[in-house]
Amino acid sequence: MAVSGVKEFEIKADPATVMQAVAAVDRLPEWSSAHKKITIESTHDDGRPHRVRMAVSILGINDEQVVDYTFEGDEKVTWTLVESGQQNQQDGSYVLTPTDSGTKVTFELTIDPKIPLPGFLVKKAQKTALETASKGLTKFVENF
């Protein structure tokens, strides 16, 4: 059962700074407790990450995932799951929109676990990911 969610929040930094922090995927464990180890396997021509392997643990479920990142300037980053032991699908994005006081961030995430889990657990994992993104990323950017 795939679930999707959206979280909007504001960060007091310009979109280029927010995107620089988002693109620093090797530093995900600094602001996302679910991310345990990150290995950048390939990069785009501009040096931003393309294929990334990550060890994650959320709600006691451990997984090794490989995701591909695509960047659209400093406005948008998307990622798509390539392989995972625990998920059939994971698609996510950050869309950055300048505001008078910084950047509005729209974070979207769709996950589909391989193993049958109660719906409330899948929703809880997704909610945890959305909350981590808003609070963790905001704090990370403001100290970046």
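For the structure itself, consult the block above.
Residues numbered from 1 in each chain as written. Predicted model: local features only at pLDDT ≥ 70, side-chain atom pairs only at ≥ 80, totals over all residues. Heavy atoms only, no water.

Caption draft 1: Structural context of the overall build of the protein chain. Along the backbone of the protein chain there are three helices and seven strands. Ordered by position from N to C terminus, the α and β elements of the protein chain give β-α-α-β-β-β-β-β-β-α. Rg of the C-alpha trace for the protein chain: 15 Å, near the compact-globule value of 15 Å for 144 residues, within the 12% margin. Expressed as lengths along the three principal axes of its C-alpha atoms, the size of the protein chain is roughly 45 × 30 × 25 Å. Residues classed as buried in the protein chain amount to 44% of the 144 residues present. Surface summary for the protein chain: the accessible area is close to 7500 Å², and the carbon and sulfur share equals 49%. (Helix = DSSP H or I, 4+ residues; strand = E, 2+ residues; numbered from the N terminus. Rg over C-alpha atoms; globule rule 2.2 N^0.38 Å. Buried < 20%, exposed > 50% of the residue type's maximum accessible area, 1.4 Å probe, protein only. Areas by Shrake-Rupley, 256 points an atom, 1.4 Å probe, with all protein chains shown as cover.)

Caption draft 2: Representation of the pairing of strand β5 (residues 76-84) in the model. Pairing between strand β4 (residues 61-72) and β5: eight bridges, direction antiparallel. Across the sheet, residue Y69 finds its bridge partner in β5, namely W79. With five bridges joining them, β5 and strand β6 (residues 87-99) adopt antiparallel strand pairing. Each residue of the ladder has a partner; that of K76, found in β6, is V95. Between β5 and β6, which pair antiparallel and follow one another directly, the connecting turn spans two residues. (Pairing = 2+ DSSP bridges.)

Caption draft 3: The arrangement of the packing of helix α1 (residues 15-23) against helix α3 (residues 119-142) in detail. The interhelical angle for the contact between α1 and α3, taken along N-to-C directions, is 115°, at an axis separation of 10 Å. As far as their axial angle goes, α3 and α1 are roughly perpendicular. Here α1 and α3 pass one another in a crossing that is right-handed. Taking contact as the criterion, the partners of T17, V18, A21 and V22 in α1 are, on α3, L137, F140 and V141. Split by residue class, the contact of α1 with α3 holds six nonpolar, one polar and no charged. (Axes fitted to C-alpha atoms, helices over the stretch in contact; angles between N-to-C directions. Parallel < 35°, antiparallel > 145°, perpendicular 65-115°, else oblique. Left-handed = near helix turned anticlockwise from the far one by under 90°. Contact = heavy atoms within 4.5 Å. Nonpolar A, V, L, I, M, F, W, Y, C, P; charged D, E, K, R; others polar.)

Caption draft 4: Examining the side chain of T110 more closely. Position of T110 relative to the elements: it lies in strand β7 (residues 102-113). Judged by relative accessible area, which is 18%, T110 ranks as buried. A polar side-chain atom of T110 sits 2.7 Å from a polar atom in the side chain of S4. (Polar contact = N/O pair within 3.5 Å; in protein donor to acceptor, adjacent residues only side chain to side chain.)

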